[in-house]
Amino acid sequence: MAKFRVLIALLSMWLVCSAVPAFAAGETAPEPFDKAFGQMIVIPQNFQGKAFVKGQMADLYGDHRIVQREGRILVPIRLMSTLATELGQSQGFWDTKWDPQHPNDVILSNYQASKTIKFTVNSTTMLVNKEPHTMDVPPQKIAGQIMLPLRSAAEALDKEIQWWDGLILMGDRPVNLQDPQAAAAKDRIKALLTDRRKPVDYTESLNPITKYGDAAYYVKTIYKSDETIDQLFRKADGQKETQVKLPGKPHLSNAKIIKHELYYVSIVNDQAELYALDLANQQSRKVCSLHPWKPGDGWLGNIELIDNELYVILHVGDNTMGGDTLYKVDNGALTMLNNFKSIVRVVKSEDSLYLADFRFMTDISNNVSRVDLKTGEWKSVGQPEFAYNIYREQHPQGGTSFSARDALYVQDGYLYTLGYKDSDPNDASAVYKINLADQTQVKLTPPASDFWLIGSDIYYIDSKSGNLEKTDVNGERHGTAAARMATQVQYDNGSFYYTAKTGDTNAADLYRYDPATGKETKLSDKSVASFFVGKAGIYYLSNGYDRGLYKVDKDGNNVRLVNDRINSAVLADDGMVYTLIYEKGIYSVK
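Residues numbered from 1 in each chain as written. Predicted model: local features only at pLDDT ≥ 70, side-chain atom pairs only at ≥ 80, totals over all residues. Heavy atoms only, no water.

With that out of the way, let us pick up the side chain of glutamine 56. Tracing the sequence through the fold places glutamine 56 in strand β3 (residues 56–59). A relative accessible area of 10% means that glutamine 56 is categorised as buried. Apart from residues no more than four positions distant in its own chain, glutamine 56 is found in contact with Ala51, Asn506, Ala507, Ser527, Ala529, Asn543 and Gly544. (Helix = DSSP H or I, 4+ residues; strand = E, 2+ residues; numbered from the N terminus. Buried < 20%, exposed > 50% of the residue type's maximum accessible area, 1.4 Å probe, protein only. Contact = heavy atoms within 4.5 Å.)

So, about the nonpolar core. With 19 residues, the main nonpolar core has Phe33, Val42, Phe52, Trp164, Leu169 and Ile189 as its most contacted residues. Counting only elements with at least two residues in this core, the list comes to α2 (33–36), β14 (167–171) and α5 (180–193). A per-element tally of this core places α5 first, with five residues. In contact with phenylalanine 33, other than residues within four places in its own chain, are Met40, Trp164, Val175, Asn176, Leu177, Asp179, Gln181, Ala182, Ala185, Ile189 and Tyr545. In terms of nonpolar packing, the next biggest core, distinct from the first, is built from 17 residues, Ala272, Leu290, Val312 and Leu314 among them. (Core = buried A, V, L, I, M, F, W, Y, C linked by side-chain atoms within 4.5 Å.)

A word on the confidence of the model for the chain. Overall, the predicted model of the chain reaches an average pLDDT of 89, with 92% of residues at or above 70. The model gives residues 1–26 a pLDDT under 50, and that stretch makes 71 contacts with residues more than four places away or in other chains. (pLDDT = per-residue confidence, 0-100.)

This part takes up the pattern of salt bridges. The full count for this structure, using the stated rule, is 32 salt bridges. Arginine 565 is the partner of aspartate 59 in a salt bridge, and the nearest nitrogen-oxygen pair spans 2.6 Å. With aspartate 59 in strand β3 and arginine 565 in the loop between β49 (558–562) and β50 (566–572), the pair connects residues that are 506 residues apart, well separated along the chain. The same class applies to aspartate 59 as to arginine 565, namely buried. For arginine 197, the salt bridge identified is with glutamate 583, shortest N-O distance 3.1 Å. A residue pair is termed long-range when its members are at least 10 positions apart, and arginine 197 in the loop between α5 and β15 (206–212) and glutamate 583 in the loop between β51 (575–580) and β52 (587–589) qualify at 386 residues. Taking the relative accessible area as the measure of exposure, glutamate 583 reaches 34% and is therefore partly exposed. By sharing partners, the salt bridges in this structure join Asp195, Arg197, Arg547, Asp564 and Glu583 into a single network. (Salt bridge = Lys/Arg side-chain N within 4 Å of Asp/Glu carboxyl O.)

For the peptide bond that leads from histidine 291 to proline 292, omega is 10°, which places it in the cis range. In this structure, proline 292 sits in the loop between β22 (283–289) and β23 (298–306). You will see that arginine 477, though not glycine, has its phi angle at about 55°, which is positive. Looking at where arginine 477 falls in the secondary structure, it is placed in the loop between β40 (468–472) and β41 (479–482). On the basis of relative accessibility, which here comes to 56%, the residue arginine 477 falls in the exposed class.

Bringing a negative patch on the surface into the picture now. Taken together, Asp214, Asp237, Asp573 and Asp574 make up a surface patch of like negative charges. Its place among the elements puts aspartate 214 in the loop between β15 and β16 (215–223). (Patch = residues over 30% accessible without salt bridge, like charges linked within 9 Å, V, L, I, M, F, W, Y side chains within 5 Å. Areas by Shrake-Rupley, 256 points an atom, 1.4 Å probe, with all protein chains shown as cover. Lys, Arg positive; Asp, Glu negative; His and termini not counted. Charge placed at Lys NZ, Arg CZ, Asp CG, Glu CD.)

Of note, threonine 499 is situated in strand β43 (residues 495–500). Side-chain polar atoms of threonine 499 contact the side chain of threonine 487, separated by 2.6 Å. Within the structure, threonine 499 has its side chain in polar contact with the side chain of glutamine 488 (distance 3.3 Å). Discounting chain neighbours no more than four positions away, the residues touching threonine 499 are Met485, Ala486, Thr487, Gln488, Ala508, Asp509, Leu510, Val528 and Phe531. (Polar contact = N/O pair within 3.5 Å; in protein donor to acceptor, adjacent residues only side chain to side chain.)

Once that is clear, we can look at empty space enclosed by the protein. This model, assessed by the stated rule, comprises two cavities of 30 Å³ or more. Volume-wise, the largest cavity comes out at about 40 Å³. Surrounding the largest cavity, Asn302, Glu304, Ile306, Tyr311, Val312, Ile313, Leu326 and Val346 form its lining. Elements represented by at least two residues in the lining of the largest cavity include exactly β23 and β24 (309–316). Here the lining of the largest cavity is composed, by residue class, of six nonpolar, one polar and one charged. Around the second largest cavity, the lining residues are Met40, Glu160, Gln162, Leu169, Met170, Gly171, Arg173 and Val175. With three residues, β14 is the single largest residue contributor to the lining of the second largest cavity. Residue composition of the lining of the second largest cavity, by class: four nonpolar, two polar and two charged. (1 Å grid on protein atoms, 1.4 Å probe; cavity = no way out; pocket = protein on both sides within 12 Å on 5 of 7 lines; lining within 4 Å. Points joined across faces, edges and corners; volume = space filled by probe spheres on them. Nonpolar A, V, L, I, M, F, W, Y, C, P; charged D, E, K, R; others polar.)

This part is about the packing of aromatic side chains. Pairs of aromatic rings are described using the distance from one ring centre to the other and the angle between the two planes. In total, this model carries 19 aromatic pairs according to the counting rule given. The interplanar angle of 15° and the centroid separation of 5.8 Å between the aromatic rings of tyrosine 264 and tyrosine 275 together place this pair among those described as stacked. Here the residue tyrosine 264 occupies a position in strand β20 (residues 261–268), and tyrosine 275 occupies one in strand β21 (residues 271–278), the gap between them amounting to eleven residues. With a relative accessible area of 0%, tyrosine 264 lands in the buried category. Note on tyrosine 275: relative accessible area 9%, which makes it buried. Every member of this aromatic cluster is reached through a ring pair, and the members are Phe33, Phe37, Phe52, Trp164 and Tyr545. When the ring centre of phenylalanine 233 is taken as reference, the NZ or CZ atom of lysine 220 above it lies at 4.3 Å. Positioned over the ring face of tyrosine 511 is arginine 484, at 4.0 Å from the centre of the ring. (Phe/Tyr/Trp six-rings, centres within 6.5 Å; stacked < 30°, edge-to-face > 60°. Lys NZ or Arg CZ within 6 Å of the ring centre and 35° of its normal.)

Time to look at α5. In a regular helix each residue adds 1.5 Å, so 14 residues correspond to 20 Å; α5 covers 21 Å between its end C-alpha atoms and thus fits that length. Three or more residues of α5 are buried, namely Ala182, Ala185, Ile189, Leu192 and Leu193. In the core, the buried residues of α5 are packed alongside α2, β1 (41–44), β2 (50–53), β3, β13 (160–164) and β14. (Expected span 1.5 Å × (residues − 1).)

Attention now goes to the sheet that holds strand β28 (residues 352–357). In spatial order, the strands read β27-β28-β29-β30; together these four strands make up an open sheet with antiparallel pairing. Edge strands, defined here as strands with exactly one partner in the open sheet, are β27 (343–349) and β30 (378–380). Sheet twist, expressed as the average angle between the axes of neighbouring strands with direction ignored, equals 25°. Note: β28 against strand β29 (residues 368–372), five bridges, orientation antiparallel. From the neighbouring strand, serine 352 faces β29, where its bridge partner is aspartate 372. (Pairing = 2+ DSSP bridges. Axes fitted to C-alpha atoms, helices over the stretch in contact; angles between N-to-C directions.)

Further remarks concern the environment of lysine 522. Along the chain, lysine 522 falls in strand β45 (residues 519–522). In this structure the C-alpha to C-alpha distance between lysine 522 and isoleucine 303, which are 219 residues apart in sequence, comes to 35 Å. If we ignore the near neighbours within four places in the chain, the residues touching lysine 522 are Asp509, Leu510 and Tyr511.

Structure follows, in structure tokens:
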């Protein structure tokens, strides 16, 4: 995304100084505006560092040179490759190739599309799959950088450019700018893109933690040349902020709220200690010493309260070569349980803990284990050739990726987890049911990317369709719960919440599925970037031209609470705490 921001920043300078006519627009039927907006880039002629990228507003950084020659705009070659990739991700990646032995030649190539475009400095001929095409002006080398004529390069990359009352639209197809939705949105889009405000500098940004009662809690970080200092503040409604005094030198980056307490690490007398701040009275109590571990060794991985017992994960080393250690807090002291590579999930059943380890640097299989909390004995769970709690994905363009999943359930003598046979490169992750008595297992679903065990039913995301599917704990009675590609799926208070995109866009709609009734309900009437569900209600952030923070009320109405761009937000039981991109300060709403 950072590279893309540079790209747009370069492009925007062209908009201020030159007009580019539309081309190839008559060859394809125009798309309706509401469909096309999420699939194109929109930039104002009066560029202020902002753009809409596939339906989402973005701030664009970088002060890079764009030049004009003979009435044409010249842009860096890497700008065009990134632009083409971002606008058509499903069409493959555009790569830039430059050989120092041939310094005046540069090639854009797309393996998936089977297409190459060769440009030569000071030549008006470009080779598209080795066939010559004539350009109005040649590429030029300026300040040691090869610059391309924008219009010709865009045509070679099959991109459309349209003018729209001071706005530039770039995409794969022309847009119907005469429909009523386009007219209604134009002025709002122009107003947002010509906003002269700049993002708050990261050194002045605040990190929201929670809201308790009428007070918002947040962290200020002071950056020094040799260290950073974290300070905790609270701000009640209508009052000035006050600093919450904490013992020692607190490290709040991985602090965690459990019930009404904030757990955090602090250095006291050169020793690392774990504390819990009671938000009701702003008093801290010492939980335990973390000696000999200290924040410089790594980081606090997690704190979990399981069956009223506190467990702590401490990481040592970096993410690649380091590892996690699991501890239990007993009578104010840490008791080490075992060392792991990267702990994915810990669950408890009766007197045993079950743990999934993501050993991405070594043998990834045989990675779920159980410890008897009475005897301290550890045993492996499942089949040794299988990897669990991991989604393995084979990509159409080639390559394989692995991502951890925290879906791990123990119920009625069985363990339910996502798994695949590691020795078989074609075996896809699916939901498995493991008999804890004899370690036999049964595959319950077709390929799945995630799942939830709810009573005697299993809901899972089908890897191929993205649908939310349903079966039972025996892998029978299969059915579809939601026939749409669900993303950001959450289960809360008896219902599923998820977003779904339409086409190649960065915007989405928010839905709720009620397992009890089998009913799906669309909750949002604006584009959704992210959402929050909890005791305080249902909220979502929109980053489209109707930007802001919205709440879905009990009648299903979308009420806009904030009419600005949100930088960061946290949902607590007593409401939302958030910061803004362009304004300093901390804010909260219910």
